[in-house]
Amino acid sequence: MTSPDPLLRALLSATEGGDTAAEARAMLDSPAFQRAAAAIEADHDNFVEQLITLCQIPSPPFGEAVRAAAYADLLRQHGVEQVETDEEGNVTAYRPGTDPEAGVIVLCSHLDTVFPAGTDVTVKREGDILRAPGVGDDTRGLALLLALSRALDKAAIRTRAGILFLASVGEEGAGDLRGVKHFFRANRWREKVAGFVALDGLNPARLVHAAVGSKRYRVTFRGPGGHSFGAFGLVNPAFALARAMDDLGRIRVPASPKTTFSIGKIGGGTSINAIPETMWMEVDLRSASAEVLATLEARFLATLPQAAADENAARDTSRGEITVEVKQIGDRPAGVTPKESRIARVAAAVIQAQGYTLEATASSTDSNIPISLGIPAVTLGTGCAGGREHSLEEWIDVEKTQSVKGMSTALASILVLAGVSSN
């Protein structure tokens, strides 16, 4: 993947210089920001209607195309320039800056949800409460990008850096961040990126500056199989799988940086009265540290051939031995945007100036990819209360006062980072 290096990137990476608290306060008090915040407030009902419309367009894993097309149409209707859909399915749109040398700030929300095709995504409204799968994660983020674009235009704000709106595919689950991976590998805008802000999650106090990495594997043990009674004594892939599962469960991982492992799915076999020919599991390994994750991965991978060897030593191999196949099915890089970097300091200062209690944390989001490339990147909340994400009972609260405050918090951070031009 390309590692972009526009001029503004060095500033956003800087760990010294500048009173970001004063900058945040000055931005929030500025006439330009006040105009934009007022535009967000006046537009809020439209924002909610667009959120509902987008949520009710199914966007299952690897099935984002219909929502992507509708989103591109909304951008064109608003008059945003250079609306494009790339080969992977990402939608981009460009709002020019006044300084071509400043590069672009990417604002990213993801198109996909975790819910499979056929899920009922009808939004049920109860006053200010909206209930539907995916309504918050990340449909609110998508609607927020549109609202921010309208507010900037209504307030006649020009930014020094350009703003590139990115609606990405494949952020969730098995999507493995494929949209943003493709963006930084092949999209024509990739070399102009100075900074990256993902709008994902709800809490406006949350600042994700560290990328939780993950390695995901499908492990399959194979053997000759046979009748459970007549072929008793032959090697059994189920026992090899059980050994591997037990070995993983005995690995000790550090509490800090938080490091985890999980066996999410297992399967195999053909009948209760047959020794299986295949048994498999899918494993998720995670850590906020790339080094710790690599150590955990190496230890886990080392247990697999040993589990096969132990089963081959324990039982009859006259009809064939146990073999193991290891296939990587997910790779999300870990990394950190230092809390001392300008991009993180600005976001933190704005969050605190808005009266929220800052929650700096690590997570796995689209920001993982730019962080891993050394590009200044953070993930900010889209600004409301809610809960039960990734469940059929997902909900958000679009009460206007708090919703507008949260949306405006994200806007203020973006304006300080991109720079408001006097031209």
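Scroll up for the structure.
Residues numbered from 1 in each chain as written. Predicted model: local features only at pLDDT ≥ 70, side-chain atom pairs only at ≥ 80, totals over all residues. Heavy atoms only, no water.

What follows deals with the layout of surface pockets. Using a probe with the size of a water molecule, rolled over the atoms, empty space left in the structure can be pinpointed. Computed from the structure, the largest pocket encloses a volume of approximately 500 Å³. Taken together, 24 residues line the largest pocket, and the ones lying closest to its centre are Asp137, Glu172, Ser363, Glu389 and His390. In terms of residue class, the lining of the largest pocket is made up of three nonpolar, eleven polar and ten charged. Its boundaries defined by the atoms lining it, the second largest pocket holds a volume of some 320 Å³. In terms of lining residues, the second largest pocket is bounded by Gly173, Ala174, Arg216, Ser262, Gly264, Lys265, Glu282, Val283, Asp284 and Ile329. Of all the elements in the fold, those that place two or more residues in the lining of the second largest pocket are β11 (259-268) and β13 (278-287). Of the residues assigned to the lining of the second largest pocket, the class counts are three nonpolar, three polar and four charged. (1 Å grid on protein atoms, 1.4 Å probe; cavity = no way out; pocket = protein on both sides within 12 Å on 5 of 7 lines; lining within 4 Å. Points joined across faces, edges and corners; volume = space filled by probe spheres on them. Nonpolar A, V, L, I, M, F, W, Y, C, P; charged D, E, K, R; others polar. Helix = DSSP H or I, 4+ residues; strand = E, 2+ residues; numbered from the N terminus.)

By the definition in use, this model includes four aromatic pairs. The interplanar angle of 45° and the centroid separation of 6.0 Å between the aromatic rings of Phe184 and Phe196 together place this pair among those described as tilted. Here the residue Phe184 occupies a position in helix α7 (residues 178-186), and Phe196 occupies one in strand β7 (residues 193-199), the gap between them amounting to twelve residues. A relative accessible area of 0% places Phe196 in the buried class. Taken together, Phe183, Phe184 and Phe196 form an aromatic cluster joined through their ring pairs. Directly above the aromatic system of Tyr356 lies the positively charged group of Lys405, at a separation of 4.6 Å from the ring centroid. (Phe/Tyr/Trp six-rings, centres within 6.5 Å; stacked < 30°, edge-to-face > 60°. Buried < 20%, exposed > 50% of the residue type's maximum accessible area, 1.4 Å probe, protein only. Lys NZ or Arg CZ within 6 Å of the ring centre and 35° of its normal.)

For the rest of this paragraph, the subject is the sheet that holds β13. Read from one edge of the open sheet, four strands run β11-β13-β9-β14, paired in antiparallel fashion. Strands at the two margins of the open sheet, each flanked by one partner only, are β11 and β14 (323-332). If you compare each strand with its neighbour and ignore which way they point, the axes differ by 15° on average. Across the sheet, helix α8 (residues 237-249) is in contact with β9 (213-222), β11 and β13; its angle to β13 comes to roughly 15°. Helix α9 (residues 290-314) rests against β9, β11, β13 and β14 of the sheet, and its axis sits at about 5° to β9. (Pairing = 2+ DSSP bridges. Axes fitted to C-alpha atoms, helices over the stretch in contact; angles between N-to-C directions. Contact = heavy atoms within 4.5 Å.)

Moving on, we come to the pattern of salt bridges. Enumeration according to the criterion identifies 22 salt bridges in this entry. Its salt-bridge partner being Asp284, residue Arg216 comes within 2.7 Å of it at the nearest N-O pair. Residue Arg216 is found in strand β9, and its partner Asp284 is found in strand β13; the two are separated by 68 residues along the sequence. Note on accessibility: Arg216 and Asp284 belong to one class, buried. With a closest N to O distance of 2.9 Å, Glu393 and Arg388 form a salt bridge. For Glu393, a relative accessible area of 43% corresponds to the partly exposed category. One salt-bridge network, held together by shared partners, links Glu64, Glu88 and Arg178. (Salt bridge = Lys/Arg side-chain N within 4 Å of Asp/Glu carboxyl O.)

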